[in-house]
Amino acid sequence: MRRSLLFIPGNNPAMLQNADCFESDAVIIDLEDAVHVNEKDNARNLVHCYLESLTEVPMEIVIRINAPDTPYYEDDLEQVVSEKIDAIMLPKASPASCFLIDQVLTIIENDKKMNKKIGIIPIIETATGVLQMGEIAKMPRINGILLGAEDLSVDMEVERTKKGTEIWYPRAKLAYTCKALKIDAIDTPFTDTSDNEGLKEDALKAKELGLNAKAAIHPNQIDIINQVFSPSEKQIIWAKRILKATEEAQAKNLGVFSLDGKMVDKPIIERAQKIIKMAQKYRLD
């Protein structure tokens, strides 16, 4: 149940040290695109030392590793996998690469005698990945999927725009796929860090399609993303009224009842329960 995930370059010690100050639900420590080839080893060592130094982990930690078709991913996993992290983010994901990472993680977890099972968040950033999305979502360890619209637009040979018409289909497919399997549908980052209105509009479009979270590339984007993907005060009030009325109806052995002239049944009650659960998690109630 994430709302915001902030990318942090793995070779930026200042941002790493301040990762717990950014108020994102998760940080994605990036060993891939944000790190030059010549800096891969240094970044990996820096992230390893940062993780070792943590005494408390106040937010979810995700590591974006290099893709399995590079010579870097095995060292990435060996260095960063520990009880301190929660998930591995996998670039240009396919069913085969998800299977491979699952197998490697199992070996590492056993070797390190870990009690924690690390999740996988695949990135859908190719046309093939879009077509394979349903299969990818069913692979072991998957607890969310991120849409990578920049690389996907390149693969599709279309212009990436703020309007986002070109990614309407993969966004919608991501929402339906993830909702069906009860995992996080994570929207692509909004790359113009100076356009807050554009960010809000883009996040609202994603939310309207059914996505529940959004990645960010700058700490200043987190507040807007959290606001958009959190239940509103109006929704929380509505949900509390639904649950109170449900208790009263159950006391009268009523399975279906009416509130404000509208029928309330199981799907409505479940929606109210989810809103309250999210509000409690993020201390909004």
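Keep in mind that what you see is a predicted model, and the values were worked out from it rather than measured.

(A) A look at the side chain of Glu60. If you trace the backbone, Glu60 turns up in strand S3 (residues 60-64). Look at Glu60 and you get buried, because its relative accessible area is 18%. Look past the residues within four positions of Glu60 in its chain and what remains in contact with it is Arg2, Asp25, Ala26, Val27 and Asp86.

(B) Spotlight on unusual backbone geometry. Of note in the backbone geometry, Lys113 takes a positive phi value of approximately 55° without being a glycine. Residue placement: Lys113 occurs in the loop between helix H4 (95-111) and strand S5 (119-124). Even without a glycine there, the phi angle at Asp260 is positive, about 55°.

(C) View of the packing of helix H2 (residues 40-53) against helix H3 (residues 73-80). One way to put it is that H2 packs onto H3 with a least axis distance of 9 Å and a crossing angle of 15°. Our classification of the angle between H2 and H3 gives roughly parallel. Once H2 is placed against H3, the crossing between them reads as right-handed. Mapping the contact onto sequence places Arg44, Asn45, Val47, His48 and Leu51 in H2 and Asp75, Asp76, Gln79 and Val80 in H3. Here the contact of H2 with H3 is composed, by residue class, of three nonpolar, three polar and three charged.

(D) Quick peek at the layout of surface pockets. Each pocket or cavity is described by its volume, and for the largest pocket that value is around 910 Å³. Lining the largest pocket are 22 residues, and of these Met1, Lys179, Asn212, Arg271 and Lys274 sit closest to its centre. At seven residues, the largest contribution of residues to the lining of the largest pocket is made by helix H12 (residues 266-281). When the residues that make up the lining of the largest pocket are grouped by side-chain class, the tally is nine nonpolar, five polar and eight charged. The volume enclosed by the second largest pocket comes to roughly 320 Å³. Lining the second largest pocket are 20 residues, and of these Phe7, Asp33, Arg64, Pro189 and Ile217 lie nearest its centre. Residue assignment for the lining of the second largest pocket shows that the elements contributing at least two residues are strand S1 (4-9), strand S6 (144-147) and helix H7 (149-156). In the lining of the second largest pocket, the residues fall into eleven nonpolar, three polar and six charged.

Calculation criteria
Along each chain, residue indices are assigned from 1 in the same order as the chain's sequence is written. Local features in this predicted model are restricted to residues whose pLDDT is 70 or higher, and side-chain atom pairs enter the listing and the counts only when it is 80 or higher, whereas totals over whole chains, interfaces and linings include all residues. Excluded from the side-chain calculation are hydrogens and water; included are all heavy atoms of the structure. Secondary structure elements follow DSSP: runs of H or I no shorter than four residues count as helices, runs of E no shorter than two count as strands, and numbering proceeds from the N terminus. Here the term buried applies to any residue with accessible area under 20% of the maximum for its type, exposed to any over 50%, and partly exposed to those in between, with areas from a 1.4 Å probe on protein chains only. Two residues qualify as a contact provided that any one of their heavy atoms is within 4.5 Å of a heavy atom in the partner residue. Every axis corresponds to a line fitted to the C-alpha atoms, with the helix fit spanning only the stretch in contact, and the corresponding angles, defined between N-to-C directions, vary from 0 to 180 degrees. Any angle between 65 and 115 degrees counts as roughly perpendicular, while under 35 counts as roughly parallel, over 145 as roughly antiparallel, and the rest as oblique. Note: crossing handedness is left-handed where the near helix turns anticlockwise from the far helix by less than a right angle, and right-handed where it turns clockwise. Note on residue categories: nonpolar means Ala, Val, Leu, Ile, Met, Phe, Trp, Tyr, Cys or Pro, charged means Asp, Glu, Lys or Arg, and polar means any other residue, Gly included. A cavity here means a set of points on a 1 Å grid, drawn over the protein atoms and nothing else, where a 1.4 Å probe fits but cannot get out; a pocket is an open set with protein on both sides within 12 Å along at least five of seven lines, and a residue lines either one if it has an atom within 4 Å of a point. Grid points are joined across faces, edges and corners, and a volume is the space filled by probe spheres set on the points.

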